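Structural characterization, general
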Amino acid sequence: MRILTTIHAMRLACKQARRAAGEDSTLALIPTMGAVHKGHLSLVDAGRKECDVVAASIFVNPLQFGPTEDFACYPRSFDDDCRQLAKAGVDLLFAPEAQEMYPAGATTFVEVAGLSERLDGASRPGHFRGVATVVNKLFNIIAPDVAYFGQKDAAQVAVLRTMVRDLDLPVRIIVGPTVREPDGLALSSRNRYLSPDQRIQALALSRALHVVEELVDRGERSSVVLRAAAAEVLNHVPGLRPDYIEIVSSDTLEPVVSVASGALIALAAWAGETRLIDNFRVDPASHD
Ligand code: PAF
């Protein structure tokens, strides 16, 4: 795996890798902020299967963190990340410093209006502007054919799909399923912050989603009923502070009154200082 830290070197490396792979070769991009886990690796695996060249990025993007958020202490494990990504089959890793991505005087941002203020965007003002801006820059630098994101960040996926559509970006977005621990906890780089007690509290998110999923399977469609069922689980865990419980369209993130295929049941909660998210997307095949 080649590691590139400048935009110029990464552009060149992508061109060379494509040329070496053949005229119609395709390039996959897996953007990350590092602290690599099996969720990221499952996306690398999907990229490896589908494309000729696989690129990943590690960049803890300052623009998507609020002033009181965890940018300074976000887990950084670069050497271990490199080992895992290389073993998984990444060909090119882009790992720039902040001043390479945002040199002094950079004042241009990408704002997906409306969607960026919903779900996590409501709790984290400016977050999705930071995500859309950095992902747009990564797309410009790396020019992937396909980019891979995890379903756990469902609101991020909706924002990025809208950005790609509205700006006519020639990139296909593929969403990989949420990867979970055996006890149900969705994998997240932020799980590293959790104390043993908080980790137990955090299990309530997947438990609440499981309750909602069972109700949907049994035919319940009312968002009011489903939301109340999730709240019942989350509100009874001492120490856990729910942030939001939303039932929305997975495309627009607008609330829905009644769930149908494509609806998203999304949760966020605080375990101590750690904000966790999880969601369940109503399956088009089985719930229409
Ligand atoms: O999902 C993430 O890790 C980040 O939001 C992303 C897409 C790498 C942009 O910084």
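Report on the accompanying structure. (Residues numbered from 1 in each chain as written. Predicted model: local features only at pLDDT ≥ 70, side-chain atom pairs only at ≥ 80, totals over all residues. Heavy atoms only, no water.)

Some words on helix H6 (residues 127-142)
Residues spaced three or four apart along an α-helix face the same direction, because each turn holds 3.6 residues. Inclusion rule: Only runs of H or I of at least four residues qualify as helices and only runs of E of at least two qualify as strands under DSSP, and these elements are numbered from the N terminus. The span you would expect from a helix comes to 1.5 Å times its residue count less one. Exposed residues in this analysis have more than 50% of their type's maximum accessible area, buried residues have under 20%, and partly exposed residues fall in between, with area computed by a 1.4 Å probe over protein chains only.
The end-to-end C-alpha distance of H6 is 22 Å, a good match for the 22 Å that 16 residues give at a rise of 1.5 Å each. The buried count for H6 comes to 13 of 16 residues, which makes it a mostly enclosed element. Phi for Ala 143, located one or two positions after H6, is positive at around 50°.

Details of the nonpolar core
In globular proteins that are soluble, nonpolar side chains generally tend to be buried together. Put simply, the rule is: In plain words, nonpolar cores are sets of buried Ala, Val, Leu, Ile, Met, Phe, Trp, Tyr and Cys residues tied together by side-chain atoms within 4.5 Å. We call two residues in contact when some of their heavy atoms are within 4.5 Å.
Within the largest apolar cluster, 48 residues are counted, with the highest numbers of intra-cluster contacts made by Met 10, Leu 92, Phe 139, Ile 142 and Met 163. The contact partners of Leu 92, leaving out residues within four places of it in the chain, are Met 1, Arg 2, Leu 4, Met 10, Ala 13, Cys 14, Ala 17, Val 53, Val 54, Ala 55 and Ala 56. If you look at the next biggest cluster of nonpolar residues, it comprises 30 residues, including Leu 194, Leu 226, Ile 245 and Leu 267.

Description of the site of the ligand
Where we set the bar: Any residue with at least one heavy atom within 4 Å of a molecule or strand is counted as near it. Pairs of N or O atoms are called polar contacts if they sit within 3.5 Å, as long as, within protein, a hydrogen donor faces a hydrogen acceptor (for residues adjacent in sequence, only side-chain-to-side-chain pairs). Each accessible area is a Shrake-Rupley result for a 1.4 Å probe, and residues are judged covered by the shown protein chains and nothing else. Throughout this entry, Asp, Glu, Lys and Arg are counted as charged residues, while Ala, Val, Leu, Ile, Met, Phe, Trp, Tyr, Cys and Pro are counted as nonpolar. The remaining residues, Gly among them, count as polar.
Close contacts around the ligand come from Pro 31, Thr 32, Met 33, Asn 61, Gln 64, Val 131, Val 134, Val 135, Phe 149, Asp 153 and Gln 156, and that covers them all. Within the side chain of Gln 64, one N or O atom sits 2.6 Å away from an oxygen atom of the ligand. A distance of 2.7 Å is found between an oxygen atom of the ligand and a side-chain nitrogen or oxygen belonging to Gln 156. Here the ligand loses 89% of its free accessible area of 290 Å² to cover by the protein chains. The set of elements that each furnish at least two residues to the shell around the ligand consists of strand S2 (27-32) and H6. By residue number, the principal contributor to the shell around the ligand is H6, which donates three residues. Along the lines of polarity and charge, the residues of the shell around the ligand split into six nonpolar, four polar and one charged.

So, the packing of aromatic side chains
The cut-off we apply is this: Between the rings of Phe, Tyr and Trp (Trp by its six-membered ring), a pair exists once the centres lie within 6.5 Å; its type follows the angle of the planes, with under 30 degrees stacked, over 60 edge-to-face, and the other angles tilted. Geometrically, a charge over a ring is one whose NZ (Lys) or CZ (Arg) sits within 6 Å of the ring centre while staying within 35 degrees of the ring normal.
Taken as a whole and assessed by the stated rule, the structure comprises three aromatic pairs. Taken together, a centroid distance of 5.4 Å and an interplanar angle of 65° make the contact between Phe 65 and Phe 71 edge-to-face. A residue is classified by how much of its surface remains accessible, and Phe 65, at 10% relative accessible area, is buried. Between Phe 65 and Tyr 74, the ring centres sit 5.7 Å apart and the planes meet at 75°, which makes this aromatic pair edge-to-face. Relative accessible area serves as the criterion here: at 7%, Tyr 74 is assigned to the buried category. Cluster of aromatic residues (ring-pair linked, three or more members): Phe 65, Phe 71 and Tyr 74. For the cation-ring pair, Arg 76 lies above Phe 71, with the distance from its terminal atom to the ring centre recorded as 4.9 Å. Above the ring of Phe 109, the side-chain terminus of Arg 129 is found at 3.8 Å from the ring centroid.

Considerations on the layout of surface pockets
Stated precisely, the cut-off is as follows: Method remark: on a 1 Å grid restricted to protein atoms, a set of points is classed as a cavity if a 1.4 Å probe fits but cannot get out and as a pocket if it is open with protein on both sides within 12 Å along at least five of seven lines; lining residues have an atom within 4 Å of a point. Grid points are joined across faces, edges and corners, and a volume is the space filled by probe spheres set on the points.
Quantified by volume, the second largest pocket comes out at close to 280 Å³. Around the second largest pocket, the lining comprises 17 residues; the ones closest to its centre are Ile 58, Phe 59, Val 60, Arg 76 and Pro 96. Looking at the lining of the second largest pocket, its residues break down into twelve nonpolar, two polar and three charged.

A closer look at the sheet that holds strand S1 (residues 2-4)
What counts, and what does not: Note on pairing: DSSP must find at least two bridges between two strands before they are called paired. Axis definition: a line fitted to C-alpha atoms, limited for helices to the stretch in contact. Angles are taken between N-to-C directions and run from 0 to 180 degrees.
With respect to topology, six strands assemble into an open sheet ordered S1-S4-S3-S2-S5-S6, the strand pairing being parallel. The open sheet is flanked by S1 and strand S6 (172-176), the only strands paired with a single partner. The sheet shows a mean angle of 25° between the axes of neighbouring strands, direction not considered. Examined bridge by bridge, S1 and strand S4 (residues 92-94) share three bridges and lie parallel to one another. Bridged to Arg 2 within S4 is Leu 92.

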